[in-house]
Amino acid sequence: MSLISADHICVRLGGEEVLHDVSLRLEPGEIVTVVGPNGSGKSTLLRAMLGIVPVAGGRVTRAAGLRLGYVPQKLMIDRSMPISVRRFLSLPLRVGAADVAAVLARVGMEGQQEAQLTALSGGQLQRVLLARALLGRPQVLMLDEPTQGLDQPGEAAFYRLIEEVRTETGCAVLMVSHDLHVVMAASDRVICLNGHVCCEGAPHVVSTAPEYRALFGLGTRGALALYRHEHDHDHNAGPDHGHDHHHHPHTHDHHHA
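Keep in mind the model is a prediction, meaning the values are calculated, not measured. (Residues numbered from 1 in each chain as written. Predicted model: local features only at pLDDT ≥ 70, side-chain atom pairs only at ≥ 80, totals over all residues. Heavy atoms only, no water.)

### Examining the overall build of the protein chain
Thinking step 1. Of the regular secondary structure elements, the protein chain holds 7 helices and 13 strands.
Thinking step 2. Put simply, 65% of the contacts in the protein chain that link residues at least 6 apart link residues at least 24 apart. (Helix = DSSP H or I, 4+ residues; strand = E, 2+ residues; numbered from the N terminus. Contact = heavy atoms within 4.5 Å.)

Set out below in structure tokens:
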């Protein structure tokens, strides 16, 4: 049985249908990335699967007792109200000091318990949000444009972290990508969304699909670039957009130290 699934769902916001007949299934341990232009319904799809947004048609089904972790797109912080990382991780349920220390170490924020949330960089804040999601030991991790605003090395590093978390915990990952052309290479499937599912499949299949190329204006050239995580830890990141590349997406990675 799938961990979570959307079956032919439709979602209306303000009287307008933003998702039409969308189906998606997430199996244990897989990474699925959703890409699409602004206004394509990517965030709405995540929120519908989380139960935050009601569906007007179809249904969302979750496995009994499913543990979900959610990393939102943005966190609005009141800069006049100081709050430490430790305190933030203990909202709304108190978390023990050992658990806080362990989860911060896991996301590369070791020893940052007393750091002020407002003083963190964008990349550090995303790691703290991920840490909070991981405290619930999720079977499904949902991330809404988690690397938006990060530079390319920061984005690649966060993608590596997600891949490592999936490998270590076995959790499934459903991630909305802000970049139309760059997807984590560990993705088992890529879903191209524009109010409906335009196409889906393995990254190298989607990158050659006419629907993907038409939607993103790639014409006969361009490719879906991939962030890779080599097992010898020679970390690579794909090029910014891949517009001017027509090689196989696995062959034009750029090295980042």
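### Section: the packing of aromatic side chains
Aromatic ring pairs are reported here in terms of the distance separating the ring centres and the angle at which the planes meet.
Thinking step 1. Counted according to the given criterion, the structure contains 0 aromatic pairs.
Thinking step 2. Positioned above the aromatic ring of Phe88, the side-chain terminus of Arg132 is 4.6 Å from the ring centre. (Phe/Tyr/Trp six-rings, centres within 6.5 Å; stacked < 30°, edge-to-face > 60°. Lys NZ or Arg CZ within 6 Å of the ring centre and 35° of its normal.)

### Let's talk about the confidence of the model for the protein chain
Thinking step 1. Averaged over the protein chain, the pLDDT score is 83; the fraction of residues at 70 or greater is 83%.
Thinking step 2. Note that residues 229–257 has pLDDT below 50 and, in this model, 62 contacts with residues that lie over four places away or in other chains. (pLDDT = per-residue confidence, 0-100.)

### Brief notes about unusual backbone geometry
Thinking step 1. If you check the backbone angles, Asp21 has positive phi at about 55 degrees while not being a glycine.
Thinking step 2. Within the element layout of this structure, Asp21 appears in strand S2 (residues 16–26).

### A word on the layout of surface pockets
Thinking step 1. Its boundaries defined by the atoms lining it, the largest pocket holds a volume of some 710 Å³.
Thinking step 2. Lining the largest pocket are 33 residues, with Ala133, Leu134, Leu135, Gly136 and Arg137 sitting closest to its centre.
Thinking step 3. Those elements that provide at least two residues to the lining of the largest pocket are strand S5 (68–71), helix H2 (85–89), helix H3 (97–106), helix H4 (122–134) and helix H5 (152–169).
Thinking step 4. Tallied by class, the residues present in the lining of the largest pocket amount to 22 nonpolar, 6 polar and 5 charged.
Thinking step 5. Each of domain 1 (4–67 + 138–218) and domain 2 (78–136) accounts for three or more of the residues forming the lining of the largest pocket.
Thinking step 6. In this structure, the second largest pocket encloses a volume near 280 Å³.
Thinking step 7. Forming the walls of the second largest pocket are 18 residues, and the residues nearest its centre are Lys74, Leu75, Gly122, Leu125 and Gln126.
Thinking step 8. The residue inventory of the lining of the second largest pocket, partitioned by class, reads 8 nonpolar, 7 polar and 3 charged.
Thinking step 9. Here the lining of the second largest pocket gathers at least three residues from each of two domains, domain 1 (4–67 + 138–218) and domain 2 (78–136). (1 Å grid on protein atoms, 1.4 Å probe; cavity = no way out; pocket = protein on both sides within 12 Å on 5 of 7 lines; lining within 4 Å. Points joined across faces, edges and corners; volume = space filled by probe spheres on them. Nonpolar A, V, L, I, M, F, W, Y, C, P; charged D, E, K, R; others polar. Domains from an automatic or database assignment.)

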